[in-house]
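Here is what each chain is made of, one letter per residue.
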Amino acid sequence: MSTEFSESILRWYETNGRKKLPWKVKDPYKIWISEIMLQQTQVATVIPYYNKFVDTYPDLQSLSKASLDELILIWSGLGYYRRIKNIFLAAQIISKKYNNKFPKDYQAILSLPGIGRTTASAISTFSGYSHRAILDGNVKRILRRYYNISYENNSKTEKILWEKSTHVTPLKKTSQFIQAMMDIGSLVCTRSKPNCRICPLRELNCLYTEDVQKISRSKKNVKKINMYLLTVINSLDEVYLEKIESGMLWENLYSGPFFYSAIKMNSWLKKMKISTAKIKNKFEIKHRVTNKDIKITNYVYFLKNNKNVSLSTENWYNLAKINVGIPKYFDKAIKVYRSEYEKDYVQKIEKRG
DNA sequence: TATGCGTGGTT
DNA sequence: TAACCAAGCAT
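Residues numbered from 1 in each chain as written. Chains lettered and ligands numbered in written order. Predicted model: local features only at pLDDT ≥ 70, side-chain atom pairs only at ≥ 80, totals over all residues. Heavy atoms only, no water.

**As for the overall build of chain A**
Selection criterion: The numbering of helices and of strands both runs from the N terminus, where a helix is a DSSP run of H or I of at least 4 residues and a strand a run of E of at least 2. Throughout this description, buried means an accessible area under 20% of the type-specific maximum (1.4 Å probe, protein chains only), exposed means over 50%, and partly exposed covers the range between. By definition in these notes, contact holds between two residues if any of their heavy atoms fall within 4.5 Å. The Shrake-Rupley method, run with a 1.4 Å probe sphere, supplies the accessible areas, and residue values consider only the shown protein chains as cover.
Check the secondary structure of chain A and you find 14 helices and eight strands. The C-alpha extent of chain A, read off along each of the three principal axes, is 75 × 50 × 40 Å. Of all 353 residues assigned to chain A, the portion counted as buried reaches 46%. Put simply, 66% of the contacts in chain A that link residues at least 6 apart link residues at least 24 apart. Split by element, the accessible area of chain A, about 20,000 Å² in all, is 49% carbon and sulfur.

**Topic: the environment of Arg82**
By secondary structure assignment, the location of Arg82 is in helix 6 (residues 82-97). Taking the C-alpha atoms as reference points, Arg82 and Gly114, separated by 32 residues in sequence, lie 8.2 Å from one another.

**Let's talk about the protein's contact with DNA strand B**
Which entries qualify depends on this criterion: Nearness is judged by heavy atoms alone; a residue qualifies as near a molecule or strand once a single heavy atom is within 4 Å of it. By the criterion applied in these results, polar contacts are pairs of N or O atoms within 3.5 Å in which, for protein atoms, one can donate a hydrogen and the other can accept it, and in which residues neighboring in sequence qualify only through two side-chain atoms.
The environment of DNA strand B is made up of 20 residues, and the closest members are Tyr80, Tyr81, Arg82, His287 and Lys328. The sugar and phosphate moieties of DNA strand B supply 53% of its atoms located within 4 Å of the protein. At a separation of 2.9 Å, a phosphate oxygen of DNA strand B approaches a polar side-chain atom of Lys292. Contact distances for DNA strand B include 2.7 Å between a phosphate oxygen and a backbone N or O atom of Lys328.

**Looking at helix 6**
Operational definition: In a helix, the anticipated span is given by 1.5 Å times the number of residues less one.
Compared with an ideal rise of 1.5 Å per residue, which puts 16 residues at 22 Å, helix 6 spans 22 Å between its outermost C-alpha atoms and is within 8% of the ideal. Those residues of helix 6 that sit buried are Arg83, Ile84, Asn86, Ile87, Phe88, Ala90, Ala91 and Ile94. Positive backbone phi, approximately 55°, marks Asn99, located one or two places after helix 6.

**Structural notes on the pairing of strand 1 (residues 223-234)**
Stated precisely, the cut-off is as follows: Note on pairing: two strands pair once DSSP finds at least 2 bridges between them.
Judged from the twelve bridges that link them, strand 1 and strand 7 (residues 292-303) form a sheet pairing that is parallel. The residue bridging Ile225 from the neighbouring strand is Ile294, located in strand 7. Examined bridge by bridge, strand 1 and strand 5 (residues 258-259) share two bridges and lie antiparallel to one another. What sits directly across from Leu229, in strand 5, is Phe258.

Written out as C-alpha cells, the structure is:
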C-alpha cells in the first residue's frame, strides 16, 4: 500500500471533497441506485433523476412492487435503458433471494445484473461492507497520468490499472478515498486542462507532463441513418404509440411507429388505412447516439375519426401527459409539434422563459 | 474482445 | 463538423 499517496488524497478530501452529493447516505439501496445512474452519466444529469427516483421508490419494498413499464417511465430521458431493466431484475432477485434486504456480501452484490467490479466495489465500500478499490474513468485518468501509462484500451493495460488502483487504495477511510479520487478526477485532474497547480499529487512524483500520445485508434464508425417517424394524433389530443420490440435500439420504450425506409413507412400507412392526405405537417429532427447519426423525418398525421383506420384502440396516450417511457427523440418531436399547434403550450413555454 | 448501449457536453 | 468523453456492463 502506498501510504503517502493515500494520505495526500485524504488530506485534500477533508477540505475539498464533495461530501454533500444527494447519495452520500448510509442506505445501500440508495447508493446502488445512484451508482447505476452514474454509469457513463455525469453528476449534474443524474441529480434530478436520482431525487425523483428515491422520492417515488424510497426503499427496496416499494421498488419490488414497481412494474418494468413504471420504472422505464421514471428513467425516460436518462439513456442506457438496459440499466433500469437490470435494476428491475435485481430488485426481483433481492426480493426473493435476500428477503428484500440489500446483500452485504461482495460476491452477492457483484452477481446482481448490471453490477460489475467497479459498481460492486463502490456500493460495498460506500455502504461500509468492505474496503475495495474502484476503476472508473476518473481513477483511470489519474493513474494513467501519475504513472505515465498509455491510453491503450486493452486487457493488459486494464490489468495494470486495476493493480495500481488496488495498490494506492488504503484499507482505512477507503470510502473517503475512492470518493476523493472521483472528485479529483472530475474537478482537478480533468480531461482537458487539468489543474495540476492545486493537485494533491503534485509533489508526489507525478509523471504527468502532457498526455501520452493517444494510440491512433481506428476511426469511430459513425453511421448516418435516416429514420421515418410517424406522430399520429386524434381529435382527443391523443397520440398513437407502440412498444419498441426487443432487439431494437430503445427496446421496451414507447414511440410513434418508425421505419428505416420511406417505402416501409408507406406500406404501413396503407395497411393501417391511413390516407396520406391526412398529413398535417412534416419536420426534421437530428438525433445522435453513440455510433449513429440519425436524421429523423417526422410525419404528423391528424385523424378526425380513428374508427376508419386499423389502429388498435389500446395504443392512444394523452399528448399532454404521456405516461409511458419514451426515447429523447420522441420527446423532441412532441415538443416541436405542441409548440406549433397548441397555443396554451406555447404560452406555457414562454412563461417559463 | 470489440462492440452496443442514450444522452449531454466539450474541444 | 467530427471526435471524444462521462461514477461501465454484458455479451
